[in-house]
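Architecture and fold: a report
Chain by chain, the residues run as shown.
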Amino acid sequence: MSLLVVGLSHRSAPVSVLERATLNADAQVKLLQDTVAAEPAAEATLLATCNRIELYADVDKFHAGVAELSTLLAQHSGVGLDELTPHLYVHYEDRAVHHLFSVACGLDSMVVGEGQILGQIKDTLATAQEQHTAGRLLNDLFQQSLRVGKRAHYETGIDRAGQSLVTFGLQQLSGGTAVDVWAKGKKALVIGAGSMSSLAAATLARAGVSEIVIANRTPDRAERLAQILNENEGGGTDVLARAVPMDSVPVELTRADIAISCTGATGLVLTAESVAAAVEGRTGEPVVTAKPAARGADFGRTASSAAVGDPAQLAPTSVGTDDDCPLDLSAVQGTAGFSVLGEAAVAGMGAAELEQHAAWVDKGDVAARAPRGAAVLDPEADADAIAALVLAVATVGRVPERRRPEPVAEAPRPAPVLSLLDLAMPRDIDAAVHRLLGVRLVDIESLAEASADAPMAADVDQVRRIVSDEVAAFSAAQRAAHITPTVVALRTMAADLVASEIARLDGRLPDLDDKQRGEITQTVRRVVDKLLHAPTVRVKQLAAEPGGAGYADALRTLFDLDPETVASISRAENNNENAKNRGRA
């Protein structure tokens, strides 16, 4: 077994990279086909969800396999290999099995324990079977991963912590209020009619919304989903559901309290302008865009909370009134501990602004002109820091934040009149919507940030033990299966020898009757079977242990078995297994 997985997920890559690396259905099929056509890979599957892209393959060379799979992912995603490589992870053999089993149990999900991944793994296997890119190894692996995932959910309480991405997103929108209390009586718009959108609609119905509008590019799918929701009134929901065409979304958005979008579109479905227009159409008032705070009031922001390289956020938003000082001195009036000469004062300044600040400092008595309550540090005491800042500005064109300032309370935002949940990858809703006052947007990026602080379930350790046990069992079974063609070839050779010797005996003793010939034949076969029984059973046991792959080679050498015979038996078994697996899909 030479199982290799190369991929990236929300744990290894920023959402901006995942978004660009997303593949549509046709691109996924083409990637599978190109992978099995590549020299190192014999079979392949692709697990692609909203927060992961993983390419699994059976390869004959590790380093060549990693290079080929990485290159193929870059080529088909359109993200340059140099940019993609730092975010890729690689798992090989048992570690690859462990990774997939962990994924199937929800341990690697953005929301720990979520069960949607099982359906996605099942779809992944079905696609690979339809494209004939999954051989015996990947068929066995993915089918076993489904069993492991089901076992984890059945035997542990991982479901108590596990929730769908939809539920987790709604919890973020509700801001700590119980979702069923927050959503009760609201009107909802669901854009898309795929599996995630269907789950979103069902979750909203259970949460108690009064109306759900389904918009989809394919009207039939939207109508079908609306019909299912309406027919489920007896299942504990009392919601009015209807389907509309996609061009009705702007109008429906003016009526909605909640909108969830999850489509396969490659571009934006909702722009910031369209969302602002919808809110304005609902409230009758223009929507205000939140602007960055003035420089003096913005010192509490860390470098990680500002968009690096964004001049609107890094440059001062006002100029001081004292001799062209680049700082807004009035904004830092009375700010204890803030130094107009310190690093926080010049953090984020461009080269020109830094020179302006230095000139202002050189003009005279800074202490006399500094704001009340602001500390004034001795430039000589800060000589090393200033030298480092000058070097930094010469290199990157601005001064980075070098220490973490005290946080500053954010300006209060008005209560949202429209709550948006974007579960698509790439995103459906313009990220600029985050800045619209009166709108609350939760997307994959904000969900990833929120999930990083979410507590782990108490049952996670138990699930991890299940994964470890199942990995050991799977690996042992695969090693044992690896020797089976050799054992079959050995027994086939023995049977041929018996048949040959019986034919030779017939030539030498032509007067034997059928009964005598049958007794002799059975006796010879029993002797051969007894001689082969113990070594073949023992070699299967040994092969199942770590490092047992060499026993197959030893058996072939000791009995001088034809390698092509063994290979043909292996191919025949794989073909039979694949035919059986395609029948299950």
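Up top is the structure.
Presented here is an overview of the structure given in this document. (Residues numbered from 1 in each chain as written. Predicted model: local features only at pLDDT ≥ 70, side-chain atom pairs only at ≥ 80, totals over all residues. Heavy atoms only, no water.)

So, about the pairing of strand E1 (residues 3-9). When you tally the buried positions in E1, you get 7 out of 7 residues, the bulk of the element. Neither face of E1 is left uncovered, since the one carrying Leu-3, Val-5, Gly-7 and Ser-9 and the one carrying Leu-4, Val-6 and Leu-8 both have all their residues buried. Looking at chain direction, E1 and strand E3 (residues 52-59) are connected through 7 bridges and run antiparallel. Bridging from a neighbouring strand, Val-6 pairs with Leu-55 of E3. (Buried < 20%, exposed > 50% of the residue type's maximum accessible area, 1.4 Å probe, protein only. Helix = DSSP H or I, 4+ residues; strand = E, 2+ residues; numbered from the N terminus. Pairing = 2+ DSSP bridges.)

Attention shifts here to the packing of aromatic side chains. Throughout the structure, instances matching the rule amount to 3 aromatic pairs. Note on Phe-101 and Phe-474: the rings are 5.9 Å apart at their centroids and 80 degrees apart in plane angle, and the pair reads as edge-to-face. With Phe-101 in helix H5 (residues 94-104) and Phe-474 in helix H21 (residues 460-508), this residue pair connects regions lying 373 residues apart in the sequence. The class for Phe-101 is buried, based on a relative accessible area of 0%. (Phe/Tyr/Trp six-rings, centres within 6.5 Å; stacked < 30°, edge-to-face > 60°.)

One pass over the structure, following the stated rule, counts 22 salt bridges. Of the charged contacts, one joins Lys-30 and Asp-34 as a salt bridge, the two residues approaching to 2.8 Å between their closest N and O atoms. Of this pair, Lys-30 and Asp-34 both sit in helix H2 (residues 25-37), 4 residues apart, which is roughly one turn of that helix. Close ionic contact of Arg-52 with Glu-54 constitutes a salt bridge, the shortest N to O distance being 2.9 Å. According to the relative accessible area criterion, Glu-54 is buried, its value standing at 0%. Because the salt bridges share partners, they merge into one network encompassing Arg-11, Arg-52, Glu-54 and Asp-108. (Salt bridge = Lys/Arg side-chain N within 4 Å of Asp/Glu carboxyl O.)

On to the side chain of Glu-43. Looking at the element boundaries, Glu-43 is found in strand E2 (residues 41-49). Arg-136 is the oppositely charged side chain nearest to the buried, salt-bridge-free Glu-43, at an N-O distance of 8.7 Å. (Lys, Arg positive; Asp, Glu negative; His and termini not counted.)

This paragraph deals with the sheet that holds strand E9 (residues 418-422). Overall, parallel pairing links the 6 strands, which are arranged E7-E6-E5-E8-E9-E10 in an open sheet. Each end of this open sheet is capped by a strand with a single partner; those strands are strand E7 (240-244) and strand E10 (439-442). Along the sheet, successive strands turn relative to each other by an average axial angle of 15 degrees, direction set aside. The sheet contact formed by strand E8 (residues 258-261) and E9 spans 4 bridges and is parallel. The partner of Ile-258 across the bridge, within E9, is Ser-419. (Axes fitted to C-alpha atoms, helices over the stretch in contact; angles between N-to-C directions.)

Let's shift gears to the pairing of E2. For E2, the tally of buried residues reaches 7 of 9 residues, placing the bulk of the element in the interior. By the bridge criterion, 8 bridges tie E2 to E3 in an arrangement that is antiparallel. Of the residues in E3, the one forming a bridge with Thr-49 is Arg-52. Hairpin remark: E2 followed by E3, antiparallel, with 2 residues in the connecting loop.

Under the counting rule described, the total for this entry stands at 0 disulfides. Summary of cysteine pairing: Cys-50 is not part of a disulfide, and the nearest cysteine sulfur, belonging to Cys-262, is at 6.9 Å. In this structure Cys-50 comes out as buried when scored by relative accessible area, which is 14%. (Disulfide = S-S within 2.5 Å.)

This paragraph deals with the side chain of Ser-197. Position of Ser-197 relative to the elements: it lies in helix H11 (residues 195-207). Taking the relative accessible area as the measure of exposure, Ser-197 reaches 2% and is therefore buried. A polar atom in the side chain of Ser-197 sits 3.4 Å from the backbone oxygen of Gly-192. (Polar contact = N/O pair within 3.5 Å; in protein donor to acceptor, adjacent residues only side chain to side chain.)

What follows concerns the packing of H5 against helix H7 (residues 136-155). At their nearest, the axes of H5 and H7 sit 8 Å apart, and the two run at 45 degrees to each other. The angle between H5 and H7 places the two elements in the oblique class. H5 and H7 meet at a crossing whose hand is right-handed. Contact residues: Val-97, Leu-100, Phe-101 and Ala-104 in H5; Leu-141, Phe-142, Gln-144, Ser-145, Val-148, Gly-149 and His-153 in H7. Its residues placed into classes, the contact of H5 with H7 shows 7 nonpolar, 4 polar and no charged. (Parallel < 35°, antiparallel > 145°, perpendicular 65-115°, else oblique. Left-handed = near helix turned anticlockwise from the far one by under 90°. Contact = heavy atoms within 4.5 Å. Nonpolar A, V, L, I, M, F, W, Y, C, P; charged D, E, K, R; others polar.)

Further remarks concern the environment of Ser-197. Residues Ser-197 and Ile-214, 17 residues apart in the sequence, show an inter-C-alpha distance of 8.9 Å. Setting aside anything within four residues of it in sequence, one finds Ser-197 in contact with Val-190, Ile-191, Gly-192, Leu-225 and Cys-262.

With that settled, consider unusual backbone geometry. Note that the residue after Met-425, namely Pro-426, is joined by a cis bond; omega there is 5 degrees. Position of Pro-426 relative to the elements: it lies in the loop between E9 and E10. A positive phi is found at Glu-93, a non-glycine position, where the angle reads about 50 degrees. Looking at the secondary structure, you find Glu-93 in the loop between strand E4 (89-92) and H5. A relative accessible area of 29% means that Glu-93 is categorised as partly exposed. If you check the backbone angles, His-132 has positive phi at about 60 degrees while not being a glycine. The topology assignment puts His-132 in the loop between helix H6 (116-130) and H7.

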